[in-house]
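Single-letter residue listing:
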Amino acid sequence: MARSALLNVMVQAALKAGKSLSRDFGEVQNLQVSVKGPGDFVSQADLKAQKIIHDELLKARPTYGFLGEESEEIKGTDGAHRWIVDPLDGTTNFLHGIPMFSVSIALERNGEIVGAVVFNPATDELYTAERGGGAFLNDRRLRVASRRVLSDCVIGCGVPHLGRGNHGKFLVELRHVMGEVAGIRRIGSAALDLAYVAAGRFDGFWEVGLSPWDMAAGILLVREAGGFVSDFNGGTDMLGTSSIICGNEHIQKALAEVVKRPIPTK
Ligand code: 2AM
Ligand code: CA
Ligand code: CA
Ligand code: CA
């Protein structure tokens, strides 16, 4: 697996932030936590990790723009390139001592995602992809699962939280999907959910209400592992519509059909 210099910069930033997160995860009870909104927390660990990533990326490419969850967007002088970063995806898990969280870094060029890194420091799993170059878990090339019928499938999803999302609409989606698939899982880190689809662990995934930093890197991982990704309108404006449905060619289509079934009238 040959990584470009730019992907290496992203990997180094993710590993360095991961080290900081691992240290903080060991002493999670001592972390300062503030509340951004209902059910929405940010800790010192998120902020430290974002600063590390910002500094590493901007040191390598000072002119690129930077969109990170924990700060205002920085417009670069290079209008073509932008980093899209979630320094800690799965803060709720992290703060509860659940080792399912990740660092997510994507590089966008002229509006297209061309580089991706998702790193889970607790399991040392590093997912990488470059456009046209395939997706990898550490050194292993990834391929999405090949199951063709929903009844064989394990599907990941997100669950709307306190103060966020249309809970009623989600329950309808869940009821429809539940009736068709072998199992449903919820990790609590959308970046990891998408990495799991790329790795063939999940056959598919859907969620509504995500931010660009939750999914930018994961979208490229899934595509480069041979998967299909759409938004809830059947288009490819996932970042603009905050919605995503993915899987292999067959499962993506079948899952989209089930998720979007109309609300029963009786
Ligand atoms: P976060 O941990 O970076 O905030 C899980 O389905 C996804 O939703 C994760 O990407 C998580 O990202 C995000 N999330 C969890 N709780 C949230 C909240 N209260 N507000 C906004 N996003 C949230
Ligand atoms: Ca957050
Ligand atoms: Ca997130
Ligand atoms: Ca986050």
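Quick notes on the rules
- Positions within a chain are numbered from 1, following the residues in the order the chain's sequence is written.
- The lettering of chains begins at A and the numbering of ligands begins at 1, in the order of writing.
- Owing to the predicted nature of the model, reporting of local features is limited to residues with pLDDT of at least 70; listing and counting of side-chain atom pairs is limited to 80 or more, with chain, interface and lining totals taken over all residues.
- Hydrogens and water molecules were not included; the side-chain quantities draw on all heavy atoms of the structure.
- Think of it this way: any DSSP run of H or I at least four residues long counts as a helix, any run of E at least two long counts as a strand, and we number them from the N terminus.
- Burial classes: relative accessible area under 20% of the type maximum marks a residue as buried, over 50% as exposed, and values in between as partly exposed (1.4 Å probe, protein chains only).
- Residue contacts are counted whenever heavy atoms from the two residues lie within 4.5 Å of one another.
- UniProt positions are given in the numbering used here, feature names are shortened, and annotations may be inferred rather than shown by experiment.
- Cavities and pockets were defined on a 1 Å grid built over protein atoms only: a cavity is a set of grid points that admits a 1.4 Å probe from which the probe cannot escape, a pocket is an open set flanked by protein on both sides within 12 Å along at least five of seven lines, and lining residues are those with an atom within 4 Å of any such point.
- Under this definition, polar contacts are N or O atom pairs within 3.5 Å; protein pairs additionally need one hydrogen-donor-capable and one acceptor-capable atom, and for neighbouring residues in sequence, both atoms have to be side-chain atoms.
- Grid points are joined across faces, edges and corners, and a volume is the space filled by probe spheres set on the points.
- Residue polarity follows a fixed list, in which Ala, Val, Leu, Ile, Met, Phe, Trp, Tyr, Cys and Pro are nonpolar, Asp, Glu, Lys and Arg are charged, and the others, Gly among them, are polar.
- Where a domain begins and ends is set by an automatic assignment or by a domain database.
- We call an atom a donor if it is N, O or S and sits within 2.8 Å of the metal, or 3.2 Å for Na, K and Ca. Water is not counted, so some sites may look partial.
- Every geometry call rests on angle ranges, with four donors termed tetrahedral when all angles are between 85 and 135 degrees, four termed square planar and six termed octahedral when opposite donors are over 155 degrees apart and all others are between 65 and 115, and everything else termed irregular.

### A few points about the environment of Trp213
Link 1 in the chain: As for its placement among the helices and strands, Trp213 is situated in helix H6 (residues 212–224).
Link 2 in the chain: Taking the relative accessible area as the measure of exposure, Trp213 reaches 17% and is therefore buried.
Link 3 in the chain: Spatially, the C-alpha atoms of Trp213 and Val33 are 21 Å apart, while their sequence positions differ by 180 residues.
Link 4 in the chain: The contact partners of Trp213, leaving out residues within four places of it in the chain, are Leu67, Gly68, Glu69, Ile84, Val85, Asp86 and Ser104.

### Some remarks on the UniProt feature "binding site: Mg(2+)" (unreviewed entry) in the protein
Link 1 in the chain: Feature annotation in UniProt assigns "binding site: Mg(2+)" (unreviewed entry) to the following positions: Glu69, Asp86, Leu88, Asp89 and Asp214. On the basis of their most widely separated C-alpha atoms, the annotated residues across 146 residues gather in one place, lying no more than 9.5 Å apart. Set against the largest pocket, the annotated residues that line it come down to Glu69, Asp86, Leu88, Asp89 and Asp214.
Link 2 in the chain: The class for Asp89 is buried, based on a relative accessible area of 6%.
Link 3 in the chain: Excluding anything up to four places from it in sequence, Asp89 contacts Phe101, Ser102, Ser189, Ala190, Ala191, Leu192 and Asp214.
Link 4 in the chain: A distance of 2.9 Å separates a polar atom in the side chain of Asp89 from the backbone nitrogen of Ala190.
Link 5 in the chain: By secondary structure assignment, the location of Asp214 is in helix H6.
Link 6 in the chain: Leaving out residues up to four positions away in the same chain, Asp214 has contacts with Asp86, Asp89, Ala190, Ala191 and Leu194.

### What about the layout of surface pockets?
Link 1 in the chain: In this model, the largest pocket occupies a volume close to 920 Å³.
Link 2 in the chain: Lining the largest pocket are 40 residues, and of these His161, Arg164, Glu207, Gly209 and Leu210 lie nearest its centre.
Link 3 in the chain: Within the residue set of the lining of the largest pocket, elements represented by two or more residues are strand E1 (33–37), strand E2 (40–43), strand E4 (81–89), helix H3 (91–95), helix H4 (167–178), helix H5 (190–198), strand E12 (204–208) and H6.
Link 4 in the chain: Taken together, the residues of the lining of the largest pocket break down into 12 nonpolar, 14 polar and 14 charged.
Link 5 in the chain: Split by domain, the residues of the lining of the largest pocket number at least three in each of domain 1 (5–141) and domain 2 (150–259).

### Digging into the coordination of the calcium ion (ligand 3)
Link 1 in the chain: The coordination sphere of the calcium ion (ligand 3) contains the protein donors Asp86 (OD), Asp89 (OD) and Asp214 (OD), at a distance range of 2.0 to 2.2 Å.
Link 2 in the chain: Angles of 52 to 156° at the metal separate the six donor atoms of the calcium ion (ligand 3), which places the site in the irregular class.
Link 3 in the chain: If you list the donors of the calcium ion (ligand 3) from N- to C-terminus, the spacing comes out as D-x2-D-x124-D.
Link 4 in the chain: The two metals, the calcium ion (ligand 3) and the calcium ion (ligand 2), are separated by 5.2 Å. Here Asp214 lies in helix H6 and Asp89 lies in strand E4, a separation of 125 residues in the sequence. In this structure, Asp89 and Asp214 share a single accessibility class: buried.

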